[in-house]
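Geometric and topological summary
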Amino acid sequence: MPGLDWRVAALASGSFLGISYVLCIVGDLLLGHDMFRAWMAFFPGFIWLTWSSFLLGLVQAFLYGVYAALVFVPLYNFFCIRVPQTNSENSVSKQRR
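Everything numeric in this text was worked out from a predicted model, so none of it was measured.

1. Some points on the overall build of the protein chain
Counting secondary structure elements, the protein chain contains 4 helices and 0 strands. Relative to its full complement of 97 residues, the protein chain shows a buried share of 22%. Within the structure as shown, the protein chain displays about 7,400 Å² of accessible surface, and the carbon and sulfur contribution to it stands at 70%.

2. Focus on the packing of aromatic side chains
Per the stated rule, a full pass over the model turns up 8 aromatic pairs. Taken together, the ring pairs in this structure connect Tyr-21, Phe-43, Phe-46, Trp-48, Trp-51, Phe-54 and Tyr-64 into an aromatic cluster.

3. Quick look at helix α1 (residues 6-31)
For α1, which comprises 26 residues, the first-to-last C-alpha distance of 36 Å matches the rise-based estimate of 38 Å (1.5 Å per residue) to within 8%. Among the residues of α1, Ala-10, Gly-14, Gly-18, Tyr-21, Ile-25 and Asp-28 are the ones counted as buried. Buried residues along α1 sit in contact with α2 (36-42) and α3 (51-82). One or two residues past the end of α1 sits Gly-32, with phi positive at roughly 110°.

4. Brief notes about the nonpolar core
For soluble globular proteins, the rule of thumb is that nonpolar side chains tend to be buried together. In this structure, Tyr-21, Ile-25, Trp-39, Phe-43, Phe-46, Phe-54 and Ala-61 together form the largest nonpolar core, which totals 7 residues. Those elements that place two or more of their residues in this core are α1 and α3. With residues near it in sequence (within four places) discarded, Phe-46 still touches Tyr-21, Ile-25, Phe-36, Trp-39, Met-40, Ser-53, Phe-54, Leu-56 and Gly-57.

5. Details of α3
Its 32 residues place the ends of α3 47 Å apart at the C-alpha level, agreeing with the 46 Å of an ideal helix rising 1.5 Å per residue. Elements that come into contact with the buried residues of α3 comprise α1.

6. A short note on the side chain of Gln-60
Looking at where Gln-60 falls in the secondary structure, it is placed in helix α3. What Gln-60 contacts, discounting residues up to four positions off in sequence, is Phe-43 and Pro-44.

7. Topic: the packing of α1 against α3
Packing of α1 against α3 brings their axes to within 7 Å, and their N-to-C directions diverge by 145°. Crossing of α1 over α3 shows right-handed handedness. Two secondary-structure elements touch here, α1 through Trp-6, Ala-9, Ala-10, Leu-11, Ser-13, Gly-14, Ser-15, Leu-17, Gly-18, Tyr-21, Val-22 and Ile-25 and α3 through Ser-53, Phe-54, Gly-57, Leu-58, Ala-61, Phe-62, Tyr-64, Gly-65, Val-66, Ala-69, Leu-70 and Val-73.

Calculation notes
Residues numbered from 1 in each chain as written. Predicted model: local features only at pLDDT ≥ 70, side-chain atom pairs only at ≥ 80, totals over all residues. Heavy atoms only, no water. Helix = DSSP H or I, 4+ residues; strand = E, 2+ residues; numbered from the N terminus. Buried < 20%, exposed > 50% of the residue type's maximum accessible area, 1.4 Å probe, protein only. Areas by Shrake-Rupley, 256 points an atom, 1.4 Å probe, with all protein chains shown as cover. Phe/Tyr/Trp six-rings, centres within 6.5 Å; stacked < 30°, edge-to-face > 60°. Expected span 1.5 Å × (residues − 1). Contact = heavy atoms within 4.5 Å. Core = buried A, V, L, I, M, F, W, Y, C linked by side-chain atoms within 4.5 Å. Axes fitted to C-alpha atoms, helices over the stretch in contact; angles between N-to-C directions. Left-handed = near helix turned anticlockwise from the far one by under 90°.

Keep in mind that these numbers describe shape and distance, not what the molecule does.
Here is the structure:
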């Protein structure tokens, strides 16, 4: 059984966190900027709100997603090999007999 491709997972999770970051910034701008304290804690160098700090936060959010994939994918592939797989079709057909 093939495992997960770390490159695909890294791009997906990095994009997910990047999009989430942008949505949170937009929400802060529309609803009041209470989240900026969290961004300053999560993203070193982030200052509310300049273009350079916005782009820095976006890059850092993407890299956090890449890091998560680089940790998750090898663990997933490791356990995927070692945990016995069950075939759900076989188990259903055996139950009907």
